[in-house]
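# Survey of secondary and tertiary structure
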Amino acid sequence: MKTTGKQIAGFLLILFLALGITPVSAQNESHYISVSGVIKDKKSKKKLEYVNVSVPGTGIGTVTNEDGEFLIKINDSIDAKSIEISHMGYSNYRLPIDKRTTTGVEILLNANVNLLNEVVVESMEPLDLVRKAIQRIGNNYCPEANLMTGFYRETIKKGRNYINISEAVIDIYKTAYTEEGVKQDRVQIEKGRKLLSQKSGDTLAVKLIGGPNLSVYLDIAKNPELLLDKETLSCYKFKMEESVMIDERPHFVVSFAPQVNLPYALYYGKLYIDKQSIAFTRAEFSLSMDDKNKATQAILKKKPYNLRFKPEEVTFLVNYKLRDGISYLNYIRSEFRFKCDWKRRLFSTNYSIISEMVVTSGKVGNVDNIPAKLSFKQSQSLSDNVSSFRDANFWEDYNIIEPSESLESAVNKLKKQH
């Protein structure tokens, strides 16, 4: 049996060290229009986070931040007529656009619960359904090598205060999904920046090692050993939950939880499977905290001898987007919460690391792999390989995830320290 617990230890590592700086190059400016605004629930007026915003028929897109805000940049060479808004549990919405930059758009989405009630979903054994979806990965996902561009952001908080904000535009090379495994898949940093706390109490810094490589390893359809290993499916108990609509398509929802005790930590969570194509569209899963020692072994690589580490929560979200009948990786989010305290000290300190990656464009077929010498290494951290915040127009025409109000405030505070 394959050691799934060791798989996570191979790329989700937390390290306590000092930090360094390495500059990277910038991209040439090009012409584009932009559309920005906020997306809300039409009935409650609640701002909706992680909503997909894309240009139909292309791989161009982004997601809303935790304040429901978005900004999407569209190159003039693309004859885009509209942008499409899609979110789980809501009807899709298309916003017509022209060749002018538009700001302050308010988009109200309708919940599509009634649409789901009209769909007859036949009962199925949940384990059989998951196995069938695994078998169809080669049919449902990209059959050719593809090169994607994505935006990656990593934030680290000590208590309520940000101590590290790192972000980058990355290239992601993926072999065909008919080739199981990610050994040849690579990530490269195009450009990036960081902002670190200068307070003396924050000199013991926290790092997420190999962070941008989450774009490779958390792709459960391409890397089934993480969660969908056929040999370890029997370690979980699967259960059918209430169906949902995603992109106006009915989806099975299968929950899972560990049912055996192994030497390493397992996961619990939910899988969302397209009823028509039997493709995995979304995965929400968390590392089991039933045994804190096992959870620690899965995520911690190194720490000072007299520092005690207490994991609290490790969660992941993986989304795919359907385009021309093929599912493509779209959005990944990870969250680590833990406590640290020094021996002989009375109080512990809360830490949290949140990373997210959204695919903003891509090319399929006829693409070259990223050279190994240029790829982001598993032993590296993003903050060691990007420059400091300086230029207000740093991102130029790249699509990013708009910073939330709280993150903007944190950036301003950290800038004052410098």
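A quick note: this is a predicted structure, and the numbers were derived from the prediction, not measured.

## Considering the overall build of the protein chain
Counting secondary structure elements, the protein chain contains 7 helices and 21 strands. A total of 418 residues make up the protein chain; the buried ones form 55% of that total. Across the protein chain, the fraction of contacts at a sequence separation of at least 24, relative to all contacts at a separation of at least 6, is 69%.

## Remarks on the sheet that holds strand β7 (residues 93–96)
As summarised here, the arrangement of the 4 strands in space is β4-β3-β6-β7, forming an open sheet in which the pairing is antiparallel. Since the sheet does not close on itself, it has two edges, and those belong to β4 (61–63) and β7, each with one partner. Across this sheet, the average inter-strand angle for adjacent strands is 20°, counted without regard to direction. Bridge count between strand β3 (residues 52–54) and strand β6 (residues 82–86): 3 bridges; the pairing is antiparallel.

## Quick look at the pattern of salt bridges
In total, this model carries 21 salt bridges according to the counting rule given. Notably, a salt bridge pairs Lys 174 with Asp 219, separated by 3.1 Å at the nearest N-O pair. With Lys 174 in strand β10 (residues 161–174) and Asp 219 in the loop between α5 (214–217) and β13 (236–246), this residue pair connects regions lying 45 residues apart in the sequence. Under the relative-accessibility criterion, Lys 174 is labelled buried at 0%. Overall, Asp 219 belongs to the buried group, its relative accessible area being 0%.

## Some thoughts on helix α6 (residues 292–299)
What α6 keeps buried is the set Lys 294, Ala 295, Thr 296, Ala 298 and Ile 299. Where α6 begins, the side chain of Asp 291 points an oxygen toward the backbone nitrogen of Asn 293, at a separation of 3.0 Å.

## Describing the side chain of Ser 286
Following the sequence through the fold, Ser 286 ends up in strand β16 (residues 280–287). The buried category is assigned to Ser 286, whose relative accessible area is 12%.

## Focus: the confidence of the model for the protein chain
The predicted coordinates ought not to be read in detail in places where the model reports low pLDDT. Overall, the prediction assigns the protein chain a mean pLDDT of 86, with 88% of residues at 70 or greater. Segment residues 1–29 is flagged for pLDDT under 50; beyond a separation of four residues in sequence, or across chains, it makes 104 contacts in the model.

## Some thoughts on the sheet that holds strand β2 (residues 32–41)
Pairing within the open sheet is mixed, and its 3 strands lie in the order β5-β2-β8. Each edge of the sheet is formed by a strand with only one pairing partner; in this case those strands are β5 (69–75) and β8 (102–109). Strand-to-strand twist of the sheet, defined as the mean angle between neighbouring strand axes without regard to direction, takes the value 30°. In this sheet, β8 lies alongside β2 in parallel orientation, the contact comprising 6 bridges. Bridge pairing links Asp 41 to Leu 109 in β8.

## Some remarks on the nonpolar core
With 73 residues, the main nonpolar core has Val 130, Phe 280 and Phe 285 as its most contacted residues. The element that contributes the greatest number of residues to this core is strand β19 (residues 326–342), accounting for 7 residues. The residues touching Phe 280, leaving out its near neighbours within four places in the chain, are Val 130, Ala 133, Ile 134, Ile 137, Tyr 141, Leu 228, Leu 271, Tyr 272, Ile 273 and Tyr 320. Among the nonpolar cores identified, the runner-up in size contains 20 residues, and Ile 33, Val 35, Val 53 and Ile 83 belong to it.

## Some words on the pairing of strand β20 (residues 349–364)
Here 13 bridges tie strand β9 (residues 146–158) to β20, and the two strands are oriented antiparallel to one another. Along β20, the bridge assignment pairs Gly 150 with Val 359. By the bridge criterion, 10 bridges tie β19 to β20 in an arrangement that is antiparallel. Bridging from a neighbouring strand, Phe 336 pairs with Ile 353 of β20.

## As for helix α3 (residues 126–135)
What α3 keeps buried is the set Pro 126, Leu 129, Val 130, Ala 133 and Ile 134. In a view along the axis of α3, the buried residues occupy a sector of 140°, so they form one face of it.

## A few points about the environment of Tyr 141
With respect to the helices, strands and loops of the structure, Tyr 141 is situated in the loop between α4 (137–140) and β9. The exposure class of Tyr 141 is buried, given its relative accessible area of 0%. Excluding residues within four positions of it along the chain, Tyr 141 makes contact with Tyr 177, Ala 221, Ala 279, Phe 280, Thr 281, Tyr 320, Ile 326 and Ser 327.

## As for the environment of Leu 329
The residue Leu 329 is located in strand β19 in this model. On the accessibility criterion, Leu 329 (4% relative accessible area) is buried. C-alpha of Leu 329 to C-alpha of Asn 319: the two residues are 10 residues apart in sequence and 6.4 Å apart in space. Once residues lying within four places of it in the same chain are set aside, the contact partners of Leu 329 are Met 148, Lys 174, Tyr 177, Ser 215, Asp 219, Val 318, Asn 319, Tyr 320, Met 357 and Val 359.

## Points about the packing of aromatic side chains
Under the criterion given, the structure shown has 13 aromatic pairs. Seen from their ring centres, Phe 316 and Phe 336 are 6.1 Å apart, and the 85° between their planes marks the pair as edge-to-face. Taken as a pair, Phe 316 in strand β18 (residues 307–323) and Phe 336 in strand β19 lie far apart in primary sequence, 20 residues in all. With respect to class, Phe 316 is no different from Phe 336; both count as buried. Ring pairing ties together the aromatic residues Tyr 267, Phe 285, Phe 316 and Phe 336, which thus form one cluster. When the ring centre of Tyr 272 is taken as reference, the NZ or CZ atom of Arg 282 above it lies at 5.7 Å.

## Here we look at unusual backbone geometry
Despite not being glycine, Tyr 50 shows a phi value in the positive range, around 60°. Mapped onto the fold, Tyr 50 is located in the loop between β2 and β3. At Asn 366, a residue that is not glycine, the phi angle is positive and equals roughly 60°. You can see Asn 366 is positioned in the loop between β20 and β21 (387–388).

Cut-offs applied
- Residues numbered from 1 in each chain as written.
- Predicted model: local features only at pLDDT ≥ 70, side-chain atom pairs only at ≥ 80, totals over all residues.
- Heavy atoms only, no water.
- Helix = DSSP H or I, 4+ residues; strand = E, 2+ residues; numbered from the N terminus.
- Buried < 20%, exposed > 50% of the residue type's maximum accessible area, 1.4 Å probe, protein only.
- Contact = heavy atoms within 4.5 Å.
- Pairing = 2+ DSSP bridges.
- Axes fitted to C-alpha atoms, helices over the stretch in contact; angles between N-to-C directions.
- Salt bridge = Lys/Arg side-chain N within 4 Å of Asp/Glu carboxyl O.
- Polar contact = N/O pair within 3.5 Å; in protein donor to acceptor, adjacent residues only side chain to side chain.
- pLDDT = per-residue confidence, 0-100.
- Core = buried A, V, L, I, M, F, W, Y, C linked by side-chain atoms within 4.5 Å.
- Arc of directions from axis to C-beta.
- Phe/Tyr/Trp six-rings, centres within 6.5 Å; stacked < 30°, edge-to-face > 60°.
- Lys NZ or Arg CZ within 6 Å of the ring centre and 35° of its normal.

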